[in-house]
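Chains, contacts and geometry: an overview
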Number of protein chains: 2
Amino acid sequence: MILDGKKISEEILSDLKEKINKLNLTLAVIQIGDNQSSNVYINQKKKLCNKLNIDFNHQKFPLDISEKEVLDLIDSLNKDKTTGILLQLPIPNQINAEKLQNRINYKKDVDGLNDVNKCNLINNKPGIVPCTAKGIITLLNKYDIEIAGKNVVVVGRSNLVGKPISNLLLKKDATVTVCHSKTKDLAKFTLEADILIAATGIKHLITSSMIRKDAVIIDVGISKIDGKLYGDVDFENVKNKSSYITPVPGGVGPMTIASLAENLYEAYILQKEE
Amino acid sequence: MILDGKKISEEILSDLKEKINKLNLTLAVIQIGDNQSSNVYINQKKKLCNKLNIDFNHQKFPLDISEKEVLDLIDSLNKDKTTGILLQLPIPNQINAEKLQNRINYKKDVDGLNDVNKCNLINNKPGIVPCTAKGIITLLNKYDIEIAGKNVVVVGRSNLVGKPISNLLLKKDATVTVCHSKTKDLAKFTLEADILIAATGIKHLITSSMIRKDAVIIDVGISKIDGKLYGDVDFENVKNKSSYITPVPGGVGPMTIASLAENLYEAYILQKEE
C-alpha cells in the first residue's frame, strides 16, 4: 500500500488554510548562492506560501557574502513582523550554518534546527520539530501505523533527518536502531525492521532482499541523476514485499512541506503568547 | 576478562592528582532531602575530593525547601570561586530539576546535564559530558575495545545515562540500538550485541541466554536489595560467556567518579580560558 504523502499533505494544508488565511504570516527564506536543488526546494516553499496566503520573503545572497551580513539580516528579521525564518542549506564553507541557525529566534525557527528546539526535542519538551522528521511521524499516524514497541531502523544520522527522527521515535516508544556509513552488514539490521526509514541520499541503497516481508518503508532520500529522481529505496522491487511504502516523489517530500506550514503556524502561536 | 573500573579509575585519578593538587578547586554538591543512596554517592564524592585535594562544599537542604532558595544558592555558586556544581538527584517533586540544572553555569556543570552541554553533545562539539557515559567510553578505550562499526545495544533511555551514551557511541561510529521498557522481545536485540550496555536498575535483567558469546558487557545498573548490591547483569552466569564484563561494584561506578574528577578539571580549564 502506498503511503500517499501528496494526498495527506493536501488534506493538512486545506485544514491549515482556514486557520492561516487571514493571519498575514510571513516566511523568510535565506539562500546563499544559486544551488539548483535549493532553487527547486525554495520554489516549492514559494508555491506553499501562495497557496496559504503567506507572504514569501526570498533573501538571496551571492556566494561570497560575509557571515556578518547574513547575521545582520537575521537580527532584523527576528525583530520585524516575520513569522518564520529558514536558512536554505547548503551554504558556502566560509559561513557557519549552526551559528546562523542559533541566531534565529527559536520562536521563528521553523526548521527546528536552533539549539533551543533541538534541546526541547531531547528533553521531551514541546518545541518546533524539524519538518521532515515531523512529516514522517504525521504520515505514520494518518495511516494508523503503530510506532510504540516497533523495531524501527533509521539509516542515516544527519542533523536534519536521522537524528531528530530517531529521537522522536524513541519518545514514541519505538526500539530504535541508527545505522550509517560505518555500519557493517547493513542488511542484517534492515531485515529486522518493522519500520525502515532510509535517509542517506544514496540511490536505491535499499533493495528487496534487504527488507522483511510486510515491513513499512519510509524513503527520505532524493538523488537526481540525468534529470530523474531516485529514492534510497528500489521502489519497484520493494513495493510488493512491503506492507506500506512511500513513493519518491510524492511521499516524504510533500509531508515535509506540510510540516513547514504547521511549524509556521506554531511559530505564530508561540510569538502570540509572548 | 574483567573490565576493572576500580584499577583504571585509580590510574586516572593518580594522573589527575598531579595536575589538580595545587589548583585549589572546589566542588559544590547540592542535596535536597536525605535519600540514603544519595548519601552514599555524596560520600564517594567527598572521598574523591579528599584524595585530590579538592574543597568539598556539601549544601544540604530539607525536603520542603523552595525552588527559589536553591536557585539563589546556584546563582551565588556561579559567581564565586566554585569550580564545579552538581545537583544530586533525586530531588522532591515541587522542584524542577531541569530548571536548576540549566541555572548552573555550563562551565561549572560537571554533570553535563545543562542544555548547553547536552546540545554540544548532539552537535558533536566539545563540552562537558555526563560522567557515567564518559566513564564507559574511557573504560572501553583503556582496554582497546573497538567501538567503530560495532553493534552496540543500550538498554535504558534515561537522560543521565542511556541517551548520552547512545549519542557518544553514534559519534564514535557504532551502530546503536536503544532498547527500553516498551521494547518487545528484548533478548532478540541483546543477542545481536557486540557491546551490550545495561542501564535500567533492574536486578539481573540480563541473563546468560540473552547475550552473544564473546560479547562485551557493560553493567551500569545498581540495585540494593537487603543490603546487597546487584547489577542489571547476572554476573556469575554471564561472565564466562562474555569476552569482557564489568563487575558491580567495581566497574562503571569508579569510572563515573574518575570522570567527575576529569570534568572538574575541564571546568577549571573552561573557566580559566574566559
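Everything numeric in this text was worked out from a predicted model, so none of it was measured.

Moving on, we come to the overall build of chain A. Per the secondary structure count, chain A includes 10 helices and 10 strands. Relative to its length of 274 residues, chain A is compact, with a C-alpha radius of gyration of 19 Å against a globular reference of 19 Å. The buried share of chain A, taken over its 274 residues, is 55%. When contacts within chain A are restricted to residue pairs at least 6 apart in sequence, long-range pairs at least 24 apart make up 71% of them. Taken as a whole, chain A presents about 12,000 Å² of accessible surface, with 50% of it coming from carbon and sulfur. Counting 37 positive and 33 negative side-chain charges, chain A places the centres of these two groups 0 Å from one another.

Turning next to the sheet that holds strand E3 (residues 84-87) of chain B. All names here are of chain B. Strands sit in the order E2-E1-E3 across an open sheet of 3 strands; the sheet is parallel. Of all strands in the sheet, those bounded by a partner on one side alone are strand E2 (55-61) and E3. Each adjacent strand pair in this sheet contributes to an overall mean axis angle of 15°, direction not counted. Running over the sheet, helix H2 (residues 36-52) touches strand E1 (26-32), E2 and E3 and is turned about 160° from E2.

The subject of this paragraph is the interface of chain A and chain B. Residue-level contacts link 29 residues of chain A with 29 residues of chain B. Summing both partners gives a buried area of about 2,600 Å² for chain A against chain B, and 45% of it is carried by carbon and sulfur. It is Ile122(A), Leu170(A) and Thr175(A) in chain A that bury the most area against chain B; as a group they hold 20% of the surface buried on that side. If you look at where chain A meets chain B, you find 8 salt bridges. Where Glu192(B) meets Lys188(A), a salt bridge forms, and the shortest distance between an N and an O atom there is 3.8 Å. Where chain A meets chain B, there are 19 residue pairs in polar contact (both at pLDDT 80 or more). Elements that contribute at least two residues to the side of chain A that touches chain B include exactly helix H5 (115-122), helix H7 (162-171), strand E5 (175-179) and helix H8 (186-190) of chain A. Looking at the side of chain A that touches chain B element by element, the count peaks at 5 residues for E5(A). Considering only residue class, the side of chain A that touches chain B consists of 9 nonpolar, 9 polar and 11 charged. Two elements, E5(A) and strand E5 (residues 175-179) of chain B, share 3 bridges in a ladder whose sense is antiparallel.

Attention now goes to the domain arrangement of chain A. The domains assigned to chain A are domain 1 (21-107) and domain 2 (131-253). Computed from C-alpha atoms alone, the centre-to-centre distance between domain 1 of chain A and domain 2 of chain A is 28 Å.

Attention now goes to the pairing of E1(B). Residues and elements named next belong to chain B. With respect to burial, E1 is a largely interior element, 7 of its 7 residues being buried. Burial along E1 is two-sided: the residues Thr26, Ala28, Ile30 and Ile32 and Leu27, Val29 and Gln31 are all buried. When E1 meets E3, the two strands line up parallel, connected through 4 bridges. Note that in E3 the partner of isoleucine 30 across the bridge is leucine 87.

Overlaying chain A on chain B yields an RMSD of 0.0 Å, the required transformation being a rotation through 180° with an accompanying axial translation of 0.0 Å. What the superposition gives is, in effect, a two-fold axis relating one chain to the other. Residue Thr177(A) of chain A places its C-alpha closer to the rotation axis than any other residue of that unit, at 2.0 Å. A shared interface surface links the copies, since 100% of the contact residues of chain A are contact residues in chain B too.

With that settled, the discussion passes to the packing of H5(A) against helix H5 (residues 115-122) of chain B. The description of two helices packed together rests on the angle between their axes and the distance between the axes. Where H5(A) meets H5(B), the axes come as close as 10 Å, and the angle between the chain directions of the two elements is 90°. One finds that H5(A) runs roughly perpendicular with respect to H5(B). Contacts between H5(A) and H5(B) pair Asp115(A), Lys118(A), Cys119(A) and Ile122(A) from the former with Asp115(B), Lys118(B), Cys119(B) and Ile122(B) from the latter. Of the residues that constitute the contact of H5(A) with H5(B), the class distribution is 4 nonpolar, no polar and 4 charged.

Right, let's get into the sheet that holds strand E6 (residues 195-198) of chain A. Spatial ordering of the open sheet is given by E10(A)-E7(A)-E6(A)-E4(A)-E5(A)-E5(B)-E4(B)-E6(B)-E7(B)-E10(B), a layout of 10 strands whose pairing is mixed. Edge positions in the sheet fall to strand E10 (244-245) of chain A together with strand E10 (244-245) of chain B, since each of these pairs with one other strand and no more. As defined by bridge partners, strand E6 (residues 195-198) of chain B adjoins strand E7 (residues 216-219) of chain B across 4 bridges and the pair is classed as parallel. Counterpart to Leu196(B) in the pairing with E7(B) is Ile217(B). Across the sheet, H7(A) touches strand E4 (151-155), E5 and E6 of chain A together with E5 of chain B, and the angle it forms with E4(A) is around 170°. Set on the sheet, helix H7 (residues 162-171) of chain B makes contact with E5 of chain A together with strand E4 (151-155), E5 and E6 of chain B; between it and E4(B) the angle comes to about 170°.

The next thing to look at is a nonpolar patch on the surface. On the surface, a cluster of nonpolar side chains totalling about 300 Å² of accessible area is made up of Val40(A), Tyr41(A), Ile222(A) and Leu229(A). Counting through the fold element by element, Ile222(A) comes out in the loop between strand E7 (216-219) and strand E8 (223-225).

Time to look at helix H3 (residues 67-79) of chain A. All names here are of chain A. Spanning 13 residues, H3 covers 19 Å between terminal C-alpha atoms, matching the ideal 18 Å at 1.5 Å per step. Among the residues making up H3, those that are buried are Glu67, Val70, Leu71, Leu73, Ile74, Leu77 and Asn78. End-on view of H3: buried residues confined to an arc of 160°, all on one side of the axis. The exposed residues of H3 that point more than 90 degrees off its buried face are Lys68 and Lys79. The elements touched by buried residues of H3 are strand E1 (26-32), strand E2 (55-61), strand E3 (84-87) and helix H4 (97-103).

What counts as what
- Residues numbered from 1 in each chain as written.
- Chains lettered and ligands numbered in written order.
- Predicted model: local features only at pLDDT ≥ 70, side-chain atom pairs only at ≥ 80, totals over all residues.
- Heavy atoms only, no water.
- Helix = DSSP H or I, 4+ residues; strand = E, 2+ residues; numbered from the N terminus.
- Rg over C-alpha atoms; globule rule 2.2 N^0.38 Å.
- Buried < 20%, exposed > 50% of the residue type's maximum accessible area, 1.4 Å probe, protein only.
- Contact = heavy atoms within 4.5 Å.
- Areas by Shrake-Rupley, 256 points an atom, 1.4 Å probe, with all protein chains shown as cover.
- Lys, Arg positive; Asp, Glu negative; His and termini not counted.
- Charge placed at Lys NZ, Arg CZ, Asp CG, Glu CD.
- Pairing = 2+ DSSP bridges.
- Axes fitted to C-alpha atoms, helices over the stretch in contact; angles between N-to-C directions.
- Buried area = accessible area lost by both parts, 1.4 Å probe.
- Salt bridge = Lys/Arg side-chain N within 4 Å of Asp/Glu carboxyl O.
- Polar contact = N/O pair within 3.5 Å; in protein donor to acceptor, adjacent residues only side chain to side chain.
- Nonpolar A, V, L, I, M, F, W, Y, C, P; charged D, E, K, R; others polar.
- Domains from an automatic or database assignment.
- Least-squares fit on C-alpha atoms with pLDDT ≥ 70 in both.
- Parallel < 35°, antiparallel > 145°, perpendicular 65-115°, else oblique.
- Patch = residues over 30% accessible without salt bridge, like charges linked within 9 Å, V, L, I, M, F, W, Y side chains within 5 Å.
- Expected span 1.5 Å × (residues − 1).
- Arc of directions from axis to C-beta.

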